[in-house]
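Here's the letter readout for the chains.
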Amino acid sequence: MLDIRYLKGVGEARAKLFAKKNIKTVEDLLYFFPRGHEDRSKTKQICACEIGETVCIDATVFSPVKETRIRKNMTIYSMIISDETGGMTVVWYNNKYVKGQFKTGDEYIFYGKIQASRQKRELVNPIYEKRGRQRFTGKIVPVYPLTENLTQRMVQGAMEQALEVAGPLEEYIPKDIRERYNIAELNFAMRNIHFPADFNSYEIARRRFVFEELLILQLALSMRKADIHQKTRAPYTDTACVQEFIEKLPFALTGAQERVIDELCADFQKSRPMNRLVQGDVGSGKTVVAAAAMYVTVKNGFQAAIMAPTEILANQHYETFSAFFAGTGLRICLLTGSTKKKKELYGQIAAGEMDLIVGTHALIQKDVAYKNLGLAVTDEQHRFGVSQRAGLAGKGDNPNVLVMTATPIPRTLAIILYGDLDISIIDELPPGRKPVATYAVGENMRKRIYAFLEKHLREGMQSYVICPLIEETEKSDLQNAVQIKEQLQRVFPGYSVGLLHGKMKAKEKDAVMEAFIAHQIDILVSTTVIEVGVNVPNSNMMIIENAERFGLSQLHQLRGRVGRGHDQAYCILFAHGNNDVTKKRMETMCMSNDGFYISEQDLRLRGPGDFFGTRQHGLPDLKIANLFADMDMLKLAQEAARELLETDPALQQPANAGLRKRVQQVFQPEIAMN
Ligand code: ADP
Ligand code: MG
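Residues numbered from 1 in each chain as written. Chains lettered and ligands numbered in written order. Predicted model: local features only at pLDDT ≥ 70, side-chain atom pairs only at ≥ 80, totals over all residues. Heavy atoms only, no water.

Hey, could you go over the site of ligand 1 for me, with residue numbers and the actual values?
The environment of ligand 1 is made up of 16 residues, and the closest members are Ala252, Gly283, Lys286, Thr287 and Arg433. Take Lys286: an N or O atom from its side chain is 2.8 Å from an oxygen atom of ligand 1. Burial of ligand 1 by the surrounding chains reaches 77%, relative to a free accessible area of 570 Å². Here the shell around ligand 1 is composed, by residue class, of five nonpolar, seven polar and four charged. (Near = heavy atom within 4 Å. Polar contact = N/O pair within 3.5 Å; in protein donor to acceptor, adjacent residues only side chain to side chain. Areas by Shrake-Rupley, 256 points an atom, 1.4 Å probe, with all protein chains shown as cover. Nonpolar A, V, L, I, M, F, W, Y, C, P; charged D, E, K, R; others polar.)

Any details on a nonpolar patch on the surface? Residues and values, ideally.
On the surface, a cluster of nonpolar side chains totalling about 260 Å² of accessible area is made up of Leu2, Tyr6 and Val165. One can find Leu2 in the segment before helix 1 (12-20). (Patch = residues over 30% accessible without salt bridge, like charges linked within 9 Å, V, L, I, M, F, W, Y side chains within 5 Å. Salt bridge = Lys/Arg side-chain N within 4 Å of Asp/Glu carboxyl O. Helix = DSSP H or I, 4+ residues; strand = E, 2+ residues; numbered from the N terminus.)

I'd like a description of the packing of aromatic side chains, backed by residues and values.
With the rule as written, the count across this model stands at 23 aromatic pairs. The interplanar angle of 15° and the centroid separation of 5.6 Å between the aromatic rings of Phe32 and Tyr144 together place this pair among those described as stacked. Taken as a pair, Phe32 in the loop between helix 2 (26-30) and strand 1 (36-39) and Tyr144 in the loop between strand 8 (140-143) and helix 3 (152-165) lie far apart in primary sequence, 112 residues in all. Take Phe32 and Tyr144: they sit in the same class, and that class is buried. The interplanar angle of 90° and the centroid separation of 5.0 Å between the aromatic rings of Phe452 and Tyr570 together place this pair among those described as edge-to-face. Residue Phe452 is found in helix 14 (residues 446-458), and its partner Tyr570 is found in strand 21 (residues 570-574); the two are separated by 118 residues along the sequence. (Phe/Tyr/Trp six-rings, centres within 6.5 Å; stacked < 30°, edge-to-face > 60°. Buried < 20%, exposed > 50% of the residue type's maximum accessible area, 1.4 Å probe, protein only.)

Give a description of the sheet that holds strand 19 (residues 523-526) that names residues and reports values.
Whether parallel or antiparallel, the strands of a sheet pair through hydrogen bonds between backbone atoms. As summarised here, the arrangement of the six strands in space is 16-21-20-17-19-18, forming an open sheet in which the pairing is parallel. A single partner strand is all that each edge strand has here, and the edge strands are strand 16 (437-441) and strand 18 (497-500). Averaged over neighbouring strand pairs, the angle between their axes works out to 20° when direction is ignored. Sheet topology places strand 17 (residues 462-466) next to strand 19; four bridges connect them, and they run parallel. The residue bridging Ile466 from the neighbouring strand is Ser526, located in strand 19. In the packing of helix 14 onto the sheet, contacts are made with strand 16, strand 17, strand 19, strand 20 (539-544) and strand 21, and the angle to strand 20 comes to roughly 165°. Packing against the sheet, helix 18 (residues 580-591) makes contact with strand 16 and strand 21, and its axis sits at approximately 160° to strand 16. (Pairing = 2+ DSSP bridges. Axes fitted to C-alpha atoms, helices over the stretch in contact; angles between N-to-C directions. Contact = heavy atoms within 4.5 Å.)

Structure, rendered in structure tokens:
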């Protein structure tokens, strides 16, 4: 595969920028799909251009560029262009590069936005290309999902070359499948997904890649399921012992918890390993269900391990389980990145001197060996990659596998996408929970919200303030959290404001969290690291800044941090931008406290591109398919996958070799998000 640096204009520095988008080879680049297109294929006559439009104009330079300095740091470069229908001023701000560029009489294609200046139309900051030497005008041009530093022009240019140098790509969807499902050929599709001849060709191209992506996903899942079904393990001999555990609990289980525990025990009695997903809303009490399963496992002579996505959560689990199992003689240990004397602990785990191992990714490090792992639990599975989940299971001899999530996906989808897992649902909350009162507000309400917060603090309560942190722009967002902290400290000088973010060391995080629990901190400004975390019942108000930048399931998850005590809890969403989707999303949050409903809306209202991502749902990162909009396609892909595997269950025929390679890539190690 060709390195991206092979392309002209892509050197060391630019390759780094591409790498940030996970683009390292020319092939990666080709699979970096646009989020939309600009139609620059038709030119418009100057007389017909209207204010506010973005247009392509084919015109002649009428006067050379004039430089006008209006103030320090602001110089305008302008010139006049004309076609047979009229003239227009072109304006660039602070772009001294255009100065020597144009000669009177030269013919150019301009592309830019028409704006009004004192009632006159002006073409502002257009791009331009000499007539006859056009690359990115006169056609439909892709627009890529970019953030900082990489420009559209850079990617467009690189893409154009990539399509050339990659040569004819080898088709890997077998011909008969393509014909039966009416799927375009790879080379046609690749060209037209980026630089479509027309919008119809784009649709045909997109259809192919959606099909391809979903087909590969389906193949991967089906093959894995077939794999799992071949595994065997000896059933547990005693599952009735779960009653001992249940009787000692300080509360009565909900009906749903009891049902799910029964389902787990039934699995334990089978002669193949359990492979089960437990979905349950935030606060539905998944931990105790896992504890019951672990208890039974240990009583049957095996070890049990539970992996949590953060150190804070692992610590909390460790404490919870220590309390649950007090007096049972179960030997529990905690293994995280900051565990001291790891070697000693490894020795105890390997010797079977520990029954229950609670930890983070540290549990799947290569040095960790278990004596006889009978149950591998992954909590908040959406935070882990598929391979990390598999990594824990791989530490035992076909252990039972339990994964738990609070960001459920609708059942119809779950059945298709988690084809390899059985599903249990905890659809009942413990008694006495009050829904969190949620309000979406604009900036104009900030004073009133702060007054409300002040009253809340005066009553001796605490509050969270959450700021977004999106991977690509970490730096500026981090600053954002710091700024918000400082601002709040100014507004509330009598109270202590703390800060928690993902870039802090585990120790620092813990110290802040402990100070918050001890009420030495009144307002905790935090990024989403708080999402899965510790219960602080005295903190029952949460303010979320830039709420529009979060996925709905994530907002719901965050909101689940409050409302754990007896008093009415509040969640305030500061949302900016008033587009319809944002409005609907915020409405959903205000009217519903049901994680299942919210999750469905989340997927339905997903913004363009990957903005709200599928990751929050633990689904593989889909580049182009939208699971709701492309549901029909998903069904077709499922059918095609079944057909393929019927005749070639391990995809070993030469015609399927390309597909097999892609399927393997789906399960290659992924990096955990956190
Ligand atoms: P989640 O499903 O979000 O992981 P947890 O397992 O952390 O939820 O449970 C949330 C809280 O509810 C915990 O404090 C737990 O002890 C409590 N809890 C769980 N089940 C019950 C129950 N049946 N009755 C009362 N409280 C419960
Ligand atoms: Mg939990």
